[in-house]
Amino acid sequence: MHTILIANPKGGSGKTTLATNVAGWLAGKRQRVAIDDRDPQQSSTQWLERRPALFPAIGLIDADLRRKDAKALDLAWRVIDSPAGLHGDELRESLKSADQVLVPLTPSAYDMAATQRFLGVVAEAKSVKQGNLPVGVVAMRVDARTQSAVELDDFVASFDFPLIAHLRQTQVYVHCARDGASVFDLPRSRAEADWEQWKPLTRWIAKHAPVRGV
Ligand SMILES: Nc1ncnc2c1ncn2[C@@H]1O[C@H](COP(=O)(O)OP(=O)(O)O)[C@@H](O)[C@H]1O
Ligand SMILES: [Mg+2]
């Protein structure tokens, strides 16, 4: 099982949006995938409950299943949606269980300040230092080539982590959240611009673990 941890201590930074869409992409590639919803707010659990049965299946790892044995699920992929404020032992444990880490980041001064400390801690993790745990930042709600994007790019450049993709601010994500959908479940006419923006991100994921059909 390959585990992607989605983490940023700031609430509203885009963790659930990223987790649900990464899972939706993998499911669309016919991968056996589940979301491990570690957030007490249970946003991705609720998203899964709204997900139409006809869409590619995504499993849920809840607290019960986590206590038992998630391995019994025979999953190829686990996407961990983490709570706001993740730090200390809980953060270290989450990093230990991950094969890849994605950090969503919105271009606000507050979010960048909160993320600075977090990225500093992540950079000090043994697996990250040894180069065994790839960490990538995803710019959320920002268009490349805007001033906000430049500021965010400069901020990320002060760390050793790559800025993998820019995902624009659009109602498409808001509607997906409401409908239990990912952008990959939508028709081309509605989501083509977003699929384009996801390409470097899905490529980065696939670079570190085989995804059939990519
Ligand atoms: N690219 C985007 N465009 C528009 N709205 C977005 C985008 N990314 C996230 N959102 C919205 O921002 C809010 C916070 O995102 P969410 O993924 O729930 O953050 P977190 O899980 O980190 O708290 C949600 O209402 C979500 O629908
Ligand atoms: Mg969330």
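Just so we're clear, the structure is a prediction, and the values are computed from it rather than from any experiment.

Rules and cut-offs
- Residues numbered from 1 in each chain as written.
- Chains lettered and ligands numbered in written order.
- Predicted model: local features only at pLDDT ≥ 70, side-chain atom pairs only at ≥ 80, totals over all residues.
- Heavy atoms only, no water.
- Salt bridge = Lys/Arg side-chain N within 4 Å of Asp/Glu carboxyl O.
- Helix = DSSP H or I, 4+ residues; strand = E, 2+ residues; numbered from the N terminus.
- Buried < 20%, exposed > 50% of the residue type's maximum accessible area, 1.4 Å probe, protein only.
- 1 Å grid on protein atoms, 1.4 Å probe; cavity = no way out; pocket = protein on both sides within 12 Å on 5 of 7 lines; lining within 4 Å.
- Points joined across faces, edges and corners; volume = space filled by probe spheres on them.
- Nonpolar A, V, L, I, M, F, W, Y, C, P; charged D, E, K, R; others polar.
- Near = heavy atom within 4 Å.
- Polar contact = N/O pair within 3.5 Å; in protein donor to acceptor, adjacent residues only side chain to side chain.
- Areas by Shrake-Rupley, 256 points an atom, 1.4 Å probe, with all protein chains shown as cover.
- Sits in = over half its atoms within 2 Å of the grid points.
- Arc of directions from axis to C-beta.
- Contact = heavy atoms within 4.5 Å.

Structural notes on the pattern of salt bridges
Tallying each qualifying case throughout the model produces 13 salt bridges. One salt bridge in this structure joins Arg67 and Asp64, with 3.0 Å as the shortest N-O distance. You can see Arg67 and its partner Asp64 sitting in helix 3 (residues 63-67), 3 residues apart, about one turn around the helix. The exposed category is assigned to Arg67, whose relative accessible area is 65%. Through salt bridges with shared partners, a single ionic network connects Asp36, Arg38, Arg66 and Arg78.

Observations regarding the layout of surface pockets
Using a probe with the size of a water molecule, rolled over the atoms, empty space left in the structure can be pinpointed. Taken as a whole, the largest pocket holds about 600 Å³ of empty space. Along its surface, the largest pocket is lined by 30 residues, and Gly12, Gly14, Lys15, Thr16 and Thr17 are the ones closest to its centre. For the lining of the largest pocket, the elements supplying multiple residues, two or more each, are helix 1 (15-28), helix 2 (43-50) and helix 8 (171-179). Partitioned by chemical class, the residues of the lining of the largest pocket number 10 nonpolar, 15 polar and 5 charged.

Thoughts on the site of ligand 1
Inspection of the region around ligand 1 gives 14 residues, with Gly12, Lys15, Thr17, Arg141 and Arg168 positioned closest. Here an oxygen atom of ligand 1 and a backbone polar atom of Ser13 are 3.2 Å apart. Take Thr16: an N or O atom from its main chain is 2.9 Å from an oxygen atom of ligand 1. Here ligand 1, which alone exposes 560 Å², has 79% of that area covered by the protein. More than half of the atoms of ligand 1 fall within 2 Å of the grid points belonging to the largest pocket. Those elements giving two or more residues to the shell around ligand 1 turn out to be helix 1 and helix 8. Among the residues forming the shell around ligand 1, the class breakdown is 3 nonpolar, 8 polar and 3 charged.

Looking at helix 8
Listed in full, the buried residues belonging to helix 8 are Val172, Tyr173 and Cys176. Along the axis of helix 8, the buried residues cluster in a sector spanning 95 degrees; they form a single face. Each element contacted by the buried residues of helix 8 is listed here: helix 1, helix 2, strand 7 (163-167) and helix 9 (188-208). If you check the start of helix 8, you find a side-chain oxygen 3.0 Å away from the backbone N of Val172, and it comes from Thr170. Two residues or fewer past helix 8, Gly180 is found with a positive phi of approximately 65 degrees.

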